[in-house]
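# Close look at the chain arrangement
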Amino acid sequence: MGAAGGHIPGRGLLSVLAVAFLGVVAGCGPEDEAAMRDRLGQYFSLRETVAYEARRVCLAGVFHVADDRIKAAMPVASGVGEMLGLLGRRNLALLNDPRQSPDALFVEVMNVERTQGMQMRRAGLEALDCMDAVTETAFRHALDGRGNLVGYDAKSGLLMLLDRRNRLLVIARGAKA
């Protein structure tokens, strides 16, 4: 049938492409709290959520944890070189260095592998837009506390800070490039 018969050539293809585009856009949306809790529950013993905000451009959350133990699914490194190796192989690592704060560890990571260090730091900085006063305070305490753990999921850009003393897990993610 021609255009006179009501059929517009390529219209079916345009409809399929439009639906596919909407599916892709929907998949780029913020991760909901339940999905995030499921993901983080593989690595930490989560209790209640203190705060959670997820928007297209950032994500930030604070969760109480039962303890500071890390589950087997999370690869743990004891030094920056080991962490960078794990990130290179598995895109996921947590650094446990009781001598330093996560903030000091960021500097060390940047000195060894600038690109990776900047990605980790940017995740925290860009997430500030999603932080209320409670989340920002928890983030700063976790970042500055000596012996707190810092984790990073390179695939999703998620930064994880475990404040051992306060038994809080703080997460942050900025806009993915």
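Below is a summary of the structure that appears in this document. (Residues numbered from 1 in each chain as written. Predicted model: local features only at pLDDT ≥ 70, side-chain atom pairs only at ≥ 80, totals over all residues. Heavy atoms only, no water.)

## Some thoughts on the nonpolar core
As a reminder of what qualifies: Among buried residues, the Ala, Val, Leu, Ile, Met, Phe, Trp, Tyr and Cys ones that are joined through side-chain atoms within 4.5 Å form a nonpolar core. Residue burial is assigned from relative accessible area. The probe radius is 1.4 Å, only protein chains are included, and a residue is buried under 20% of its type maximum, exposed over 50%, and partly exposed in between. Contact criterion: two residues are considered in contact whenever any of their non-hydrogen atoms come within 4.5 Å of each other.
Met83, Phe139 and Val150 are the most contacted members of the largest nonpolar core, which totals 30 residues. If sequence neighbours within four positions are ignored, valine 150 has contacts with Met83, Ala93, Leu94, Leu95, Pro102, Leu105, Phe106, Met120, Leu159, Met160 and Leu161. Residues Val65, Met160, Leu169 and Ile171 belong to the second largest nonpolar core, which totals 18 residues.

## A word on the state of the cysteines
Just so we agree on the cut-off: Criterion for a disulfide: a pair of cysteine sulfur atoms within 2.5 Å. In DSSP terms, a helix is any run of H or I states spanning at least four residues, a strand is any run of E spanning at least two, and both are numbered starting from the N terminus.
Scanning the model with the defined rule gives one disulfide in all. Between cysteine 58 and cysteine 130 runs a disulfide, and the two sulfur atoms are separated by 2.0 Å. Linking cysteine 58 and cysteine 130, the disulfide has an S-S dihedral of approximately 80° and is accordingly described as right-handed. With cysteine 58 in the loop between strand S1 (46-54) and strand S2 (59-65) and cysteine 130 in the loop between helix H5 (114-127) and helix H6 (133-144), this pair connects stretches of sequence that are 72 residues apart. Residues cysteine 58 and cysteine 130 agree in their burial class; the two are buried.

## Looking at the sheet that holds strand S4 (residues 92-95)
What counts, and what does not: DSSP bridges decide pairing: two strands pair if at least two such bridges lie between them. Between N-to-C directions, angles span 0 to 180 degrees; the directions come from axes that are lines fitted to C-alpha atoms, helices contributing only their stretch in contact.
Judged by pairing direction, the sheet is mixed, and its seven strands sit side by side in the order S1-S2-S7-S6-S5-S4-S3 without closing on themselves. One side of each edge strand has no neighbouring strand; the edge strands of this open sheet are S1 and strand S3 (76-77). In this structure, S2 lies alongside strand S7 (residues 168-173), joined through six bridges in antiparallel fashion. Each residue of the ladder has a partner; that of alanine 60, found in S7, is alanine 172. Lying on the sheet, helix H4 (residues 102-112) is in contact with S4, strand S5 (149-153) and strand S6 (158-163); it crosses S5 at an angle near 50°.

## Some points on the pattern of salt bridges
Put simply, the rule is: One speaks of a salt bridge when a side-chain nitrogen belonging to Lys or Arg is within 4 Å of a carboxyl oxygen belonging to Asp or Glu.
Inspection of every chain in the model, using the stated rule, returns ten salt bridges. In this structure, arginine 122 and glutamate 126 form a salt bridge, with 3.8 Å as the shortest nitrogen-oxygen distance. Pair noted here: arginine 122 and glutamate 126 are both in helix H5, with a separation of four residues, about one helical turn. For arginine 122, a relative accessible area of 37% translates into the label partly exposed. For glutamate 126, a relative accessible area of 27% puts it in the partly exposed group. The network of salt bridges with common partners includes Glu31, Arg39, Asp153 and Arg173.

## So, the pairing of S2
Counting buried residues in S2 gives six out of seven residues, a clear majority hidden from the surface. Two strands pair when backbone bridges link them, and S1 and S2 are joined in this way by six bridges, in the antiparallel orientation. Among the inter-strand pairings, glutamate 53 is bridged to a residue of S2, identified as alanine 60. Connecting S1 to the next strand, S2, in antiparallel fashion are four residues.

## What about H6?
So the rule is basically this: Working rule for helices: expected span equals 1.5 Å times residues minus one. The reported arc concerns the directions from the helix axis to the C-beta atoms and nothing else. As used in this structure description, the phrase polar contact means that two N or O atoms lie within 3.5 Å; if the pair is within protein, one of them must be able to donate a hydrogen and the other to accept it, and residues adjacent in sequence are counted only when both atoms belong to side chains.
Here H6 contains twelve residues, and its C-alpha end-to-end distance of 17 Å stays within 8% of the 16 Å for a straight helix at 1.5 Å per residue. Of the positions making up H6, those classed as buried are Thr135, Ala138, Phe139, Ala142 and Leu143. Buried residues of H6, viewed axially, fall in a sector of 130°; they line one side. Away from its buried face, by an angle of more than 90 degrees, H6 presents the exposed residues Ala133 and Asp144. Contacts made by the buried residues of H6 are with S1, S2, H4, H5, S6 and S7. Of the residues that open H6, the one with a side-chain oxygen 3.2 Å from the backbone nitrogen of valine 134 is aspartate 132.

## With respect to the packing of aromatic side chains
As a reminder of what qualifies: Between the rings of Phe, Tyr and Trp (Trp by its six-membered ring), a pair exists once the centres lie within 6.5 Å; its type follows the angle of the planes, with under 30 degrees stacked, over 60 edge-to-face, and the other angles tilted.
Enumeration over the complete set of coordinates arrives at two aromatic pairs. Summarising the aromatic geometry, the rings of tyrosine 43 and phenylalanine 44 are spaced 6.4 Å apart at their centres and angled 85° between planes, so their arrangement reads as edge-to-face. Ring centres of tyrosine 52 and phenylalanine 63 lie 6.2 Å apart, and the angle between their planes is 50°; on these two criteria the pair is classed as tilted. In this pair, tyrosine 52 is assigned in strand S1 and phenylalanine 63 in strand S2, connecting sequence segments eleven residues apart. The two residues tyrosine 52 and phenylalanine 63 agree in class, both being buried.

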